[in-house]
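One-letter residues, chain by chain:
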Amino acid sequence: LANGAKISITDAKNGEIIKESGIVISKTADGQLVYKMKDRNKRSRTKDPAYHTIETPRGGQHQVILPDGTRVWLNAESSIRFPESFVNVKTRNVELKGEAYFEVEKDPKHPFIVKTRIQEIEVLGTHFNINSYFDEQKSVTTLLEGSVKVQALMHDNFSVIKPGQQAISKGTKDLNVAVADIDQVMDWKNGDFMFKKESLNGIMRKVCRWYDVNVEYGEQVDINQTYSGLVSRSKNISEVLKIMQAAGQLKFDVIGKKVIVENN
């Protein structure tokens, strides 16, 4: 919360969790966190809004409804920082670390802006996914519906992408537009792991976030070897590892929270 207090969403009971500054925070029966203003017409007297942060741990996901009605799905090991009220702001600014899917409430007079470590995304009302983990080499914004403007943080140029496209940044001055594989981008929200010629290293980063494990590679293991497959994220970690082990090149040993990868 803005005052530094922390609340465990998982441990909190359903219903109202807290009331402060005219904001009611509640948890629904299906686990969503909802922010509502007690009086939407009431204007805050403070110039600077108070900010809240929601974090998901490894192996966790969460759904949030922001004060303006925008819906956010947070992937594992991600966080979003946002003002407790959007009443007195010209733009609806939020900050994202990790990965999230947004369904932004339309408000043309108050653009919704998401800032990540190397991108800034501006929208009026649309559906899109952002992947911007610190351990990934690139930040990717993928559009499913509507229109968004994406800009690299240290670059004057920007790109307006269309549904089915994604804006990719590998640095604060880099921005490229490509056709997106929507099914693969949205696999996490749909409860799956979908790999399409994805490197072993990339796959294991996702596995580590979801199952809260660490990976250790043998000296001869090619971490750039690619694999393809589909498996539900509800499955045990061994089911995911079987996809790569079935290729006959690797073997996996799970010891506590460590996955050891060796050549077969």
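That block above? That's the structure.
Digging into the side chain of N129
Step number 1: Looking at where N129 falls in the secondary structure, it is placed in strand β11 (residues 127–132).
Step number 2: Every residue in contact with N129, bar those within four places of it in the chain, is listed here: E99, A100, Y101, V140, T141, T142, L144, V185, M186 and W188.

Notes on unusual backbone geometry
In most cases, non-glycine residues show a negative phi, while peptide bonds are predominantly trans.
Step number 1: For E77, which is not glycine, the phi dihedral falls at a positive 55 degrees.
Step number 2: Take E77: it is sitting in the loop between β6 (71–74) and β7 (79–83).
Step number 3: E77 gets classed as partly exposed once you look at its relative accessible area, which sits at 35%.
Step number 4: Even without a glycine there, the phi angle at D212 is positive, about 55 degrees.
Step number 5: Mapped onto the elements, D212 comes out in the loop between α2 (200–211) and β18 (214–217).

Observations concerning the pattern of salt bridges
Step number 1: Evaluated as defined, the whole model comprises 13 salt bridges.
Step number 2: A salt bridge links K149 to E122; its shortest N-O distance comes to 3.5 Å. With K149 in strand β13 (residues 148–152) and E122 in strand β10 (residues 119–123), this residue pair connects regions lying 27 residues apart in the sequence.
Step number 3: By relative accessible area, K149 is classed as partly exposed at 28%.

Topic: the pairing of strand β9 (residues 112–115)
Within a regular strand, side chains alternate between the sheet's two faces.
Step number 1: For strand β8 (residues 92–103) and β9, the ladder comprises four bridges, and the chain directions are parallel. When the sheet's bridge partners are listed, V94 is paired in β9 with V114.
Step number 2: Both β9 and β10 contribute to a ladder of four bridges, which runs antiparallel. Looking at the pairing, I113 lines up with E122 of β10.
Step number 3: The turn joining β9 and β10, which pair antiparallel and follow one another in sequence, is formed by three residues.

Reading the values: the criteria
Residues numbered from 1 in each chain as written. Predicted model: local features only at pLDDT ≥ 70, side-chain atom pairs only at ≥ 80, totals over all residues. Heavy atoms only, no water. Helix = DSSP H or I, 4+ residues; strand = E, 2+ residues; numbered from the N terminus. Contact = heavy atoms within 4.5 Å. Buried < 20%, exposed > 50% of the residue type's maximum accessible area, 1.4 Å probe, protein only. Salt bridge = Lys/Arg side-chain N within 4 Å of Asp/Glu carboxyl O. Pairing = 2+ DSSP bridges.

Don't take any of this as a statement about function, it's just geometry.
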